[in-house]
Amino acid sequence: MKSTQYLARQPDANGLIHYPEQEHRVWNTLITRQLEVIQNRACQEYLDGIEQLALPLDRIPQLGEINRVLASTTGWQVAQVPTLIPFQMFFELLSRKQFPAATFIRTAAELDYLQEPDIFHELFGHCPLLTNPWFAEFTHTYGKLGLKATKEQRVYLARLYWLTIEFGLLDTPAGLRIYGGGILSSPKETLYALSNEPEHQPFDPLEAMRTPYRIDILQPLYFVLPQLKHLFELAQQDIMPLVQQAMQLGLHAPKFPTRAA
Ligand SMILES: [Fe+2]
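Because the structure is a prediction, the values reported are computed rather than measured. (Residues numbered from 1 in each chain as written. Predicted model: local features only at pLDDT ≥ 70, side-chain atom pairs only at ≥ 80, totals over all residues. Heavy atoms only, no water.)

A.B. asks: How should the sheet that holds strand E5 (residues 199-202) be read in this particular structure?
C.D. replies: In a beta sheet, neighbouring strands are held together by backbone hydrogen bonds and run either parallel or antiparallel to one another. If you trace the four strands from one edge of the open sheet to the other, you get E4-E3-E6-E5, paired in mixed fashion. Among the strands making up the open sheet, the edge pair consists of strand E4 (175-178) and E5. This sheet shows a mean twist of 40° between the axes of neighbouring strands, independent of strand direction. Where E5 and strand E6 (residues 221-225) come together, four bridges link them in parallel fashion. Within E6, the position partnered with Gln 201 by the bridge is Phe 223. (Pairing = 2+ DSSP bridges. Helix = DSSP H or I, 4+ residues; strand = E, 2+ residues; numbered from the N terminus. Axes fitted to C-alpha atoms, helices over the stretch in contact; angles between N-to-C directions.)

Structural data, given as structure tokens:
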């Protein structure tokens, strides 16, 4: 696990988390800006989820508020976790339909760019689509597969997660739209992902598993799904033989500059 300067805030005896005023202001800045940016860029299923969640603008929401909506739509929950958690715990939570969220928010100095997933990323980026049964089913399946997978298989599964749940795009009659939470919680990447700068390829799970990524740069390549329901259909397929196939074929050459050793 990597180190972090952040600490997750702990709930009081009533399960409520108290954030200082300046942290609510960071939330307000992030959500106000991002709600504008995602118009005509996020996919409809995500926007439907935003409407259902009705996230407050003036304060960081309590997880209980989110959980009431998730419980009534797909049965998912958000689980409060420490800042960084081991892979094993991540898969265990997903396999129980619990999406981990660390209860801290980035500082005003790191408003635009943050490697650690904070509460804005988890709640704004991921929770809207967790109200969608297709997306929820795929995330659940991913958790169950990851739990049983070996360390090496997990690395390949992680690429599938990265290029769908975090950085996936959707083809729609209105044009390319975003469903990946890593993109939708970043104003810069929301604009960049739909521009002509990166490469866009039709989604192929085997190709996604073979595509190396870096978490500290804008993605050079995005995979485009024909429709969100495709994730549900993928979840019904046997994914592990694809993992084995990807392991045999190996990784593609990275489309980004590799760091100096
Ligand atoms: Fe994420």
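A.B. asks: How do you make sense of the packing of aromatic side chains when you look at a structure like this?
C.D. replies: Aromatic ring pairs: the centre-centre distance and the angle between the two ring planes describe each pair. Following the criterion strictly, the structure yields 14 aromatic pairs and no others. Ring plane angle 70° and centroid distance 6.1 Å describe the contact between Tyr 46 and Phe 124, whose orientation is recorded as edge-to-face. Highlighted residues: Tyr 46 in helix H2 (residues 44-53) and Phe 124 in helix H5 (residues 119-126), separated in sequence by 78 residues. We note that Tyr 46, like Phe 124, is buried. Arranged with centres 5.6 Å apart and planes meeting at 80°, the rings of Phe 90 and Tyr 161 form a pair that is edge-to-face. In this pair, Phe 90 is assigned in helix H4 (residues 87-95) and Tyr 161 in helix H7 (residues 151-166), connecting sequence segments 71 residues apart. Here the aromatic cluster, defined as three or more aromatic residues joined through ring pairs, consists of Phe 87, Phe 90, Phe 91, Tyr 142 and Tyr 161. Against the face of Tyr 156 rests Arg 159, its NZ or CZ located 4.7 Å from the ring centre. (Phe/Tyr/Trp six-rings, centres within 6.5 Å; stacked < 30°, edge-to-face > 60°. Buried < 20%, exposed > 50% of the residue type's maximum accessible area, 1.4 Å probe, protein only. Lys NZ or Arg CZ within 6 Å of the ring centre and 35° of its normal.)

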